Amino acid sequence: MSLQTGELAAGRLPQDGEPRTAIRAHELRKVYGQGDTAVAALDGVSVDFGVGQFTAIMGPSGSGKSTLMHCLAGLDTPTEGQVLLGETELTRLPDAELTKIRRDRVGFVFQSFNLLPMLSANDNILLPLELGNRKPDEQWLSTLIEVLGLSDRLTHRPSELSGGQQQRVAVARALVGRPEVVFADEPTGNLDSRSGAEVLGFLRRSVREFGQTVVMVTHDPLAASYADRVVMLADGKLAGELRQPTPESVLDALRQLGA
Amino acid sequence: MGRLVAACLAIVLGVGFGSLAMIVHASASHGVNETIGAQYKGVDAVVYPDQATISPADIATVQKLPQAAAAVTLTTAYMDVAFPDLVRGTTVPIDALYDTQHIAGPGTSSGRLPTATNEIALPARTAAKHKIAVGQSLRISSYDDKSWTVTVVGLLDDSKYVGSASAVATPAAVKIFDPGAYTRGIALAAKPGVSQQQLTSAAQAVVASGLTVYTGEAFIQHEVKGLTNGIDVLGGVFGMFAVIALFVACLVIGNTFTIVIAQRTREMALLRCVGASRRQVFSSVIAEATVVGVIASAIGVVFGVALSALGLALSREFDWGIPPVPLHLDLSSIFLPLLLGTLATLVAAVVPARRATKVAPLAALRPEAAPAAATKAGILRLVLGFLLLAGGGLLLGVGAKQHEVLIGVAGGAISFLGILAIGALLVPALIRVIGALPARSGGVPARIAVANAVRNPRRTAATTSALLIGVTLISLTCVGIASVRKTFDVSMDGQYPVDLMVTTYKEKMPASAEQQLRDIKGITQVVPISTVTAKAGGEEIDVTGVDAGKAGSVIHNAALSDKLKPGTALVTYPVLKRLKLEDGSPLTIVSGQHKVTLTARLAIGVDPITTTSADLAKLTPSAPVTGFWLASDPKADGADVVDAVEQSIPTVKDLSVQGGLAERTSYTKIFDVLLIVGIGLLGVSVLIALVGVGNTLSLSVLERTRENALLRAMGLSRRQLRGMLAIESLLMALVAAGLGIVLGLLYGWTGTSALMGGQTVEGGVEYAVPGTLLIAIAAVAAVAGLLASVLPARRAAKVAPAGALTTE
């Protein structure tokens, strides 16, 4: 598959038949530093992520992919531009409101250090719910635990779990509150290939079977190939997009970016 | 260095306090030395009455010594001076003036020295106290009731005098006032070319045996010693508290270094990777500790000097009882705290530095430094701790039971060391117990706070230990003083069943006396008594009669007042022994041709023999009122009441005021001062410990940056994060306070038993629980714990969740 240049234009409106938008970035700019030392990590990025879609954000180191994800997820505030989560504009919200949004409406899986060392796997899974004083949906919880194969690991502390198991606990935690969007930041970065494949499989399954929206940042073409769509980023700008990617097509696209 | 700021603060406080103690002590000692030296300027030898008194013959022979340029007699008459502001006279020593050509004498700050026998000069401070001005007349009288009117012609400069100075009069006047006036000594000045030693030997050879002759220098030392004993004791107490403060600072510093080094594990490992030897890593930590120690100690000394100067200035201004001395800095009071502070820092850094050398070079290559896994409390340490605890507890028990203070103190110290040693086990366990409630009802943040507080038992234990020491000592002081006071009170009630006993001998009580006493604020009951001298068992003994119906209102001890019935006589123990009687024996009292036989009952704290006024009337019909027994309002200020009673009934010249209230007032003041001083001095340790709590928290916050960021990403609000740290801090403070208060109660009670048990009848000791004080201690600890969390919590809440998650 080659680059579909027609879709590179920023601010493309959704057309009929396309999925509804779960989260939308409009003309995002994020500048670090001031004056001469100012660096624009994001330089006018506009992109939509559809409901029930698995989107990968790719790009070389320093392309701004993590910054984009942090801004989308309300972990960081952009210098300019807007982020719309459903109907809510995140960019104008004070910290307390953003905190609530992170707690109730989005889920996270990070590359490493996903779990609190002093809590058991079970407590880690329920953490966002308990922070918001919400009761877990028991049926959904047991489905997740079963699907992720964590039944006999629930009372263990993170230090007693393998890397793959830790990451599966993180996935369970991200999904348990049925958030509007799950953000995954290099979720397989620290895993061996088998564990990584498992985790990516679960993320894709959550999209296919449960209609979850997932946005994943990765630099691994193999990981990106699990997604429905790949958004390319370079030097803080959108640099292309792939549909139904394969590892080869992703690698190709990355090579073109590097050229 | 930034991370070590709090450790520096702990050192600054500890060293500052230590140097304050040393400088004030040095200044006071130096000041006394100077003052006494100035007082005896020109004195080369002193004949001092040690075993014998100085006779006129001694004076005459010494004056004839060929080596002496001058010999002056130092004579003092003790006179009763009627100051206009007092109802009754007060005793003032009056020194005889002498020839001051060779030997220094007192100087005046206003007026002149007396030249006639009807003139005196008063010390300026005494004059100011009684509002006497130059030119005023005073009535003075001798012990044998002769009196003179003298004019105050000058005020003596006593601004540098230690203690209260004497008044002066001419030698002739002193001779008139008291022909047998006491000779304090003979001061000699040597002729040129004669050494102090030669003069002293010559004088010793001619004076009567039993008189000691000092050289001038030795005599000054002798006098200084007499005056500075108190200062040395005070200095010692101060020093002890300073050492405690420094010890607490040591704990805080050690803890800080341990945490900082744990956080630098990768840095250390990298150093080892590129070829640094263990010794070099160790040295680098020690070097850093030295720099920190020297700088912080230097700041501490400067701080101490400034505080001392301020304290001494305030003391001069408000007369705190310290001699009015100028600031005196000597080498030892500057360099000793500097040295001790640096040493304490070094000692505290040794263990962490050794731990730093154990970092494996590989640690640098691991992807992520595991955020300080919980360190397991060493088994050996625990075993040792339990042994110390058991042994110390046993000793403490023995000390309390046998009333051996030293054994008790040793037991207390040993068992406390035991507590500190098992702290890594005990403190987290207690935090879990106290934390159970917030963990259950306070939601996730509270649960995480409890988990955070116990995840590193060593660190938590070290942090709380510092606070525990201060709280334990303060509680101990409060409990001990309250218990000793209660013990005193109970034994006072036994020994002094009547608050105040006002009596006069030989003089007549005016008819208005009873009303005058009733009018005094704080006096609730006044019962007149009559004392007559009668004969019992062939001896002349005072017999007091009191109205049996009213006696109960002024005697606290109900058992005692119940014994006082017609037909009985209360007899004190010594009298009972002397008359060879027993409790319940018949006692016959004779006065003139009257005679009564009463049943003797043992009593404590009343007159030698006390009967009902009806029985006394059988001995001496219509005996005059000679005194009153008073009851006072327990809420009134005892000192004020006693003062007012002493100043009442001005027509009676010699009024004796005794009883429980007078006694109680004198020691109540001492206890109050002890309590305030103790709490104040120990407060410094608590302050240092709180700096330590804040420090541990802020270092933990640094360490948990990623963790907190994760929590924030998961939806923990800033407020919840701050609350989480506040709970963690509060838990540590409360455990330290709770444990400290419990220990303070145990130590305070056993200490009271060890200290007082041997001094009360039947070893009875009262155990007090100063509830309000202890609650206040817990409340202060809790509030301080919350305050200690403010800065670390603000820092933690500022961290943006995204930044912390990506940067590593």
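What counts and how
- Residues numbered from 1 in each chain as written.
- Chains lettered and ligands numbered in written order.
- Predicted model: local features only at pLDDT ≥ 70, side-chain atom pairs only at ≥ 80, totals over all residues.
- Helix = DSSP H or I, 4+ residues; strand = E, 2+ residues; numbered from the N terminus.
- Buried ≥ 20, exposed ≤ 12 C-beta atoms within 10 Å, placed from the backbone.
- Contact = placed C-beta atoms within 7 Å.
- Domains from an automatic or database assignment.
- Pairing = 2+ DSSP bridges.
- Axes fitted to C-alpha atoms, helices over the stretch in contact; angles between N-to-C directions.
- Expected span 1.5 Å × (residues − 1).
- Bend = angle between axes of the 7 residues up to and from the residue.
- pLDDT = per-residue confidence, 0-100.
- Core = buried A, V, L, I, M, F, W, Y, C linked by C-beta atoms within 7 Å.

Colleague: Could you clarify how one ought to interpret the overall build of chain B in this entry?
Modeller: From N to C terminus, chain B includes 26 helices and 19 strands. If you line up chain B on its principal axes, its C-alpha atoms span 110 × 80 × 45 Å. Taken across its 808 residues, chain B has 46% of its residues classed as buried. In chain B, the share of contacts with a sequence separation of at least 24, taken over all contacts with a separation of at least 6, comes to 83%.

Colleague: Honestly, the interface of chain A and chain B in this entry has me stumped. Any pointers?
Modeller: You'll often see interface size given as the accessible area lost when the parts meet. Listed as interface residues are 22 residues of chain A and, on the opposing side, 21 residues of chain B. Every element with two or more residues in the side of chain A that touches chain B is listed here: helix 1 (65-72), helix 2 (95-104) and helix 3 (121-131) of chain A. Residue contributions to the side of chain A that touches chain B peak at seven residues, all from helix 2 of chain A.

Colleague: What exactly am I supposed to notice about the domain arrangement of chain B here?
Modeller: When the domains of chain B are assigned, the result is domain 1 (1-40 + 220-370), domain 2 (53-208), domain 3 (423-494 + 662-808) and domain 4 (497-658). Taken over C-alpha atoms, the centre of domain 2 of chain B sits 58 Å from the centre of domain 3 of chain B.

Colleague: For this particular structure, what's the right way to read the environment of Ala461(B)?
Modeller: Structurally, Ala461(B) is set in helix 14 (residues 457-495). For the pair Ala461(B) and Arg278(B), spaced 183 residues apart in sequence, the C-alpha separation works out to 28 Å.

Colleague: Looking at this structure, I do not really get the sheet that holds strand 7 (residues 181-185) of chain A. What am I missing?
Modeller: Sheet strands pair by backbone hydrogen bonding; their relative direction is either parallel or antiparallel. Residue and element names in this part refer to chain A. Strand order in the open sheet formed by six strands is 6-7-8-3-9-10, with mixed pairing between adjacent strands. Whereas interior strands pair on both sides, the edge strands pair on one side only; in this sheet they are strand 6 (106-109) and strand 10 (237-243). Strand after strand, the sheet turns through a mean of 20 degrees between neighbouring axes, direction not considered. Note that strand 3 (residues 54-58) and strand 8 (residues 214-217) share four bridges and pair parallel. Each bridged residue has a counterpart across the sheet, and for Ala56 the counterpart in strand 8 is Met216. Contacting strand 3, strand 7, strand 8 and strand 9 (229-234), helix 1 crosses the sheet at an angle of about 150 degrees to strand 8.

Colleague: Looking at this structure, I do not really get the pairing of strand 2 (residues 39-50) of chain A. What am I missing?
Modeller: Across a regular strand the side chains alternate sides, sitting on one face of the sheet and then on the other. Residue and element names in this part refer to chain A. Here strand 1 (residues 21-32) runs beside strand 2; their pairing, made up of nine bridges, is antiparallel. By the bridge assignment for strand 2, Leu28 is matched with Val45. From the end of strand 1 to the start of strand 2, which pair antiparallel, there are six residues, and Gly33 there has a positive phi angle of about 80 degrees.

Colleague: Would you mind showing me how to read helix 14 of chain B here?
Modeller: An α-helical turn contains 3.6 residues, so any two residues separated by three or four positions project in the same direction. Residue and element names in this part refer to chain B. Its 39 residues place the ends of helix 14 53 Å apart at the C-alpha level, agreeing with the 57 Å of an ideal helix rising 1.5 Å per residue. When the local axis directions of helix 14 are compared, the greatest deviation, roughly 25 degrees, occurs at Ser465. Most of helix 14 sits out of view: 30 of its 39 residues are buried.

Colleague: Explain the sheet that holds strand 2 of chain A here, please?
Modeller: All names here are of chain A. Pairing is antiparallel across the open sheet formed by four strands, whose spatial order is 2-1-4-5. Of all the strands in the sheet, just strand 2 and strand 5 (88-89) have a single pairing partner and so form its edges. In the sheet, strand 4 (residues 80-85) pairs with strand 5 via two bridges, with the strands oriented antiparallel. Following the sheet pairing, Leu85 is matched in strand 5 by Thr88.

Colleague: In this structure, what is going on with the confidence of the model for chain B? I would like to understand it.
Modeller: Fine structural detail should not be taken from predicted coordinates in areas where pLDDT scores are low. Residue and element names in this part refer to chain B. On average, residues of chain B score 84 in pLDDT, and 95% of them are at 70 or above. For chain B, per-element mean pLDDT is lowest for helix 26 (residues 801-806), which scores 64, and highest for strand 5 (residues 119-123), which scores 92. Every residue in residues 367-374 scores below 50 in pLDDT, and together they form 12 contacts with partners more than four places removed in sequence or on other chains. Prediction confidence for the complex, expressed as pTM and ipTM, is 0.73 and 0.80 respectively.

Colleague: Would you explain the nonpolar core in this entry?
Modeller: Generally speaking, nonpolar side chains in soluble globular proteins are found buried as a group. Membership of the largest hydrophobic core comes to 241 residues, with the highest contact counts inside it found for Leu203(A), Ala10(B), Leu188(B), Ala245(B), Ala249(B), Val252(B) and Ile688(B). For this core, the element with the most residues is helix 23 (residues 718-756) of chain B, which contributes 21 residues. Within the second largest apolar cluster, 45 residues are counted, among which are Val498(B), Val527(B), Leu630(B) and Val642(B).

Colleague: Teacher, can you tell me more about the environment of Val51(A) here?
Modeller: One can find Val51(A) in the loop between strand 2 and strand 3. In sequence terms Val51(A) and Leu72(A) are 21 residues apart; their C-alpha atoms lie 15 Å from each other.

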